[in-house]
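What follows is the residue order along each chain.
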Amino acid sequence: MKKKILFMIESLSGGGAEKVLSVIVKYFDYEHYDVTVCPMVDTGTYCDEVKKYVSQYSPVITYRGHALSRFWNMVKYKLVYSYLPLRWVYKWFIPQGNDVEIAFCEGYVTKLLSYANTKSRKIAWIHTDLTDNPWPIELGIFRDVEDERRAYSSLDKIVCVSQAVEKSFHERYGLDQLTCTIYNPIDIDNIKERAGQRTRRINDKPQLISIGRLVPQKGYERLLKVVKRLHEEDCRFHLQILGEGLERKTLEDFIAKNSMESYVSLPGFCSNPYKELINSDLFVCSSHAEGFSLVIAEAMLIGVPVISTCCSGPNELLNGGSLGLLVENSENGIYQGLKSALQNKGRMTDFIEVARKRIIDFSPSIIIHQIETLIDD
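Definitions and cut-offs
Residues numbered from 1 in each chain as written. Predicted model: local features only at pLDDT ≥ 70, side-chain atom pairs only at ≥ 80, totals over all residues. Heavy atoms only, no water. Helix = DSSP H or I, 4+ residues; strand = E, 2+ residues; numbered from the N terminus. Rg over C-alpha atoms; globule rule 2.2 N^0.38 Å. Buried < 20%, exposed > 50% of the residue type's maximum accessible area, 1.4 Å probe, protein only. Areas by Shrake-Rupley, 256 points an atom, 1.4 Å probe, with all protein chains shown as cover. Lys, Arg positive; Asp, Glu negative; His and termini not counted. Charge placed at Lys NZ, Arg CZ, Asp CG, Glu CD. Phe/Tyr/Trp six-rings, centres within 6.5 Å; stacked < 30°, edge-to-face > 60°. Lys NZ or Arg CZ within 6 Å of the ring centre and 35° of its normal. Expected span 1.5 Å × (residues − 1). Arc of directions from axis to C-beta. Contact = heavy atoms within 4.5 Å. Salt bridge = Lys/Arg side-chain N within 4 Å of Asp/Glu carboxyl O.

### Here we look at the overall build of the protein chain
When its secondary structure is counted, the protein chain shows 18 helices and 15 strands. In terms of C-alpha radius of gyration, the protein chain reaches 21 Å, essentially the compact-globule figure of 21 Å for 377 residues. Projected onto the principal axes, the alpha-carbon positions of the protein chain cover approximately 60 × 45 × 40 Å. Looking at the 377 residues of the protein chain, the share that counts as buried comes to 56%. Taken as a whole, the protein chain presents about 17100 Å² of accessible surface, with 50% of it coming from carbon and sulfur. Side chains of the protein chain carry 46 positive and 48 negative charges; the gap between the two charge centres is 3 Å.

### A look at the packing of aromatic side chains
Under the counting rule described, the total for this entry stands at 14 aromatic pairs. Ring geometry for Phe28 against Tyr33: centres 5.3 Å apart, planes inclined by 85 degrees, an arrangement best described as edge-to-face. Connected via pairs of aromatic rings, a cluster forms that spans Phe7, Phe28, Tyr30, Tyr33, Phe104 and Trp125. The ring of Tyr335 carries Arg229 above its face, with NZ or CZ at 3.6 Å from the centroid.

### Some thoughts on helix α3 (residues 67–83)
Over its 17 residues, α3 extends 22 Å from the first C-alpha to the last, a length consistent with the 24 Å expected when each residue adds 1.5 Å. Among the residues of α3, Asn73, Lys76 and Val80 are the ones counted as buried. Down the axis of α3, the buried side of the element spans an arc of 55 degrees, and every buried residue falls inside it. Away from its buried face by more than 90 degrees, α3 exposes Ala67, Leu68, Phe71, Met74 and Tyr83. Those residues of α3 that are buried lie in contact with β5 (60–61), α4 (86–93) and α5 (108–114).

### Brief notes about the pattern of salt bridges
Within this structure, the stated rule accounts for 21 salt bridges. Ionic pairing is found between Arg150 and Asp147, a salt bridge with its closest N-O pair at 3.6 Å. One end of the pair, Arg150, and the other, Asp147, are both in helix α7 (residues 145–153), 3 residues apart, so they sit about a helical turn from each other. Overall, Arg150 belongs to the partly exposed group, its relative accessible area being 38%. Linking Lys249 and Asp253 is a salt bridge whose minimum nitrogen-to-oxygen distance equals 2.9 Å. With Lys249 and Asp253 both in helix α11 (residues 248–257) and 4 residues apart, this pair spans about one turn of that helix. For Asp253, a relative accessible area of 40% translates into the label partly exposed. Via salt bridges that share partners, Arg143, Glu146, Asp147, Arg149 and Arg150 belong to a single interconnected network.

### As for helix α9 (residues 188–195)
The complete set of buried residues in α9 reads Ile188, Ile191 and Ala195. Buried residues along α9 cover an arc of 70 degrees about the axis, so they all sit on one side. Exposed residues lying more than 90 degrees from the buried face of α9 are Asp189 and Glu193. Buried residues belonging to α9 abut α12 (274–278) and α13 (294–302). Positive phi shows up at Gly196, right after α9, with a value of about 70 degrees.

Here you go:
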């Protein structure tokens, strides 16, 4: 009999965790597992991708049906997120009868799973350093660290996406006996195919790229300040930031106010960012905190040198600076590092081949085997 697996996540929007989940379900062994993905709200760029491989069920359906149906879904949204006790939300709105249930992101779905009164094996995934980025507490999902620790202590296993994230989790919550590290899988063949070949450019200016949600965690406001400063010092390059998010207007206003349109662009979310990535000279990660940073791994795979602020995931991915340039996690650190990278292109090129070899460790065949072993434990 197949083992029934349920993945719970807030939505399937364009974030890193959602993308990782779409890769995991693509490579699962469906001769032995029956998998359902339950995004709490049926929305996001990865919905169609996930539906290719597994069943999908959402308590709240958005933007569909007649007026009465839309009204009912508005009511369900309020019930799920505001009014009902979580044990009722779990019982009434989450698919039942599973052998293993996985909260695939921190925050609401992890808290919801902690209220499940079933015999299923319960697992949570941690994608960020919750010390540097305690967003579930900041949003009021948990009252404090102790409230969050109680939720995690009720589960059977906690998966961290890097050893640095696991170490930080131990220091913040304890629960050492429940944790393990499983890196995110990288869909290597698919990424190479979608990237294609590097094309010849007419513009000789260095092309810088960053990819991520336009949110404070990613540090894009300080990156723009650095870019403005370097341009005023006669450093010539073009930066594009691919992604969408709540900070778009703030970033656009900064670009317009400082007349940066000729050397900075915000194209928005891109369904195939790899064509832009492969034609870039440098990938820039300006994040305040990162758990694994899928896009850094993708840049390493494609052969684009990486400069990143020193935080949990990038530090581990770049092997402490031997596979890419790690800089102090500050505006001045980004400034000094980016200036050095632009002035010493040979040094950055030296990272390319050694970085590519590192990515083999994250191939789907290796990571999915680890996940299936965890499920069967």
